Amino acid sequence: MMAIAITLKEYFEHENIHYDTIKHRRTFTTLDASRSAHLPAGNVAKAVVLESITGDYLMASLPANSRVSLTGVSQIMGKYYYLANEQRLQALFPDCVKGAIPAMGSAYDMSMIVDDSLLTADSVYIESGDHQNFLKLSNQEYSDLVEDMSHGDIRGKTMGAPRIWERTNINWRI
């Protein structure tokens with residue numbers, strides 16, 4: 001059982017990046033994994049792989065509790081993007097379990113766009129390539145890794161409990 005995808009591990013070693021491994025129960029979404037690990041979903045980066053009409057791939061990295069805004073990504077990048085085909089993802093990320101793609105496109109030679117909110121988080125957590133571990137990166141190390149990437153507000157609708165707060169106008173605290 002792997003704790004970190006080989007490609008990602010080699011990339012972090014090459015970049016001299018320190019990370020901590022955070023184990024959690026087996027889950028199938030990054031949002032559920034953040035809950036299982038008792039981590040703030042806003043600090044957990046999920047990867048959404050997009051494809052342009054010209055066939056270029058782009059990884060969008062955004063908080064686990066947000067949907068990606070395809071309009072926002074397309075405006076920032078200057079061309080239209082849509083969700084990549086699920087079957088293609090296994091070929092692009094052969095050392096990752098289906099649905100557990102690390103939000104670090106550069107490790108896989110993929111362009112990346114980062115949501116601005118992740119750049120201000122104290123720590124950022126990314127999938128390790130399986131459904132049972134996160135990798136914790138300090139703000140400084142994460143920022144160093146993504147400093148040359150495109151960034152902006154690429155969040156669409158919020159997912160999970162905050163949606164309930166919006167609908168009920170009740171200020172719930174978890």
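So, here is what we can say about the structure in this document.

Conventions adopted
Sequence positions are assigned chain by chain, starting from 1 and proceeding in written order. Local features in this predicted model are restricted to residues whose pLDDT is 70 or higher, and side-chain atom pairs enter the listing and the counts only when it is 80 or higher, whereas totals over whole chains, interfaces and linings include all residues. Side-chain descriptors were evaluated using all non-hydrogen atoms of the structure, hydrogens and water having been removed beforehand. The salt bridge criterion pairs a side-chain nitrogen of Lys or Arg with a carboxyl oxygen of Asp or Glu, the two atoms within 4 Å. Where helices and strands are cited, they refer to DSSP runs of H or I of at least four residues and of E of at least two residues respectively, numbered from the N terminus. Relative accessibility decides the category of a residue: with a 1.4 Å probe and only protein chains considered, values under 20% of the type maximum give buried, values over 50% give exposed, and everything between is partly exposed. Two strands are said to pair when DSSP picks up at least two bridges between them. Computed over the protein atoms alone on a 1 Å grid, cavities are sets of points where a 1.4 Å probe fits but cannot get out and pockets are open sets with protein on both sides within 12 Å along at least five of seven lines; a residue lines them when it has an atom within 4 Å of a point. Grid points are joined across faces, edges and corners, and a volume is the space filled by probe spheres set on the points. For this classification, Asp, Glu, Lys and Arg are treated as charged, while Ala, Val, Leu, Ile, Met, Phe, Trp, Tyr, Cys and Pro are nonpolar and the rest, including Gly, are polar.

Here we take up the pattern of salt bridges. According to the stated counting rule, one finds five salt bridges in the structure shown. Ionic pairing is found between R35 and D32, a salt bridge with its closest N-O pair at 3.6 Å. Linking R35 with D32, this pair stays in helix 2 (residues 30-36), spanning three residues, or about one helical turn. Classification of R35 by relative accessible area gives partly exposed; the value is 43%. Via salt bridges that share partners, D115, D153 and R155 belong to a single interconnected network.

Moving on, we come to the pairing of strand 6 (residues 111-115). The element strand 6 is largely enclosed, with a buried count of four among its five residues. Relative to strand 6, strand 3 (residues 57-63) runs parallel, the two being bridged by four bridges. The residue bridging S61 from the neighbouring strand is V114, located in strand 6. Two strands pair when backbone bridges link them, and strand 6 and strand 9 (residues 150-152) are joined in this way by three bridges, in the parallel orientation. Within strand 9, the position partnered with I113 by the bridge is S150.

Quantified by volume, the largest pocket comes out at close to 450 Å³. Lining the largest pocket are 21 residues, with A47, E86, L89, G99 and I101 positioned closest to its centre. For the lining of the largest pocket, the secondary structure elements donating two or more residues are strand 2 (44-52) and helix 4 (86-92). Across the lining of the largest pocket, the residue classes break down as 12 nonpolar, five polar and four charged.

Along strand 7 (residues 123-127), five of the five residues are buried, which leaves the element largely enclosed by surrounding structure. Because side chains alternate across strand 7, one face comprises the buried residues S123, Y125 and E127, and the other comprises V124 and I126, equally buried. Looking at chain direction, strand 2 and strand 7 are connected through two bridges and run parallel. When the bridges of strand 7 are listed, A45 appears paired with I126. Pairing of strand 7 with strand 8 (residues 133-138) involves five bridges; the strand directions are antiparallel. Directly across from V124, in strand 8, lies its bridge partner L137. Linking strand 7 to strand 8, which pair antiparallel, is a turn of five residues; within it G129 sits at a positive phi near 115 degrees.

Worth remembering: the numbers are spatial, not functional.
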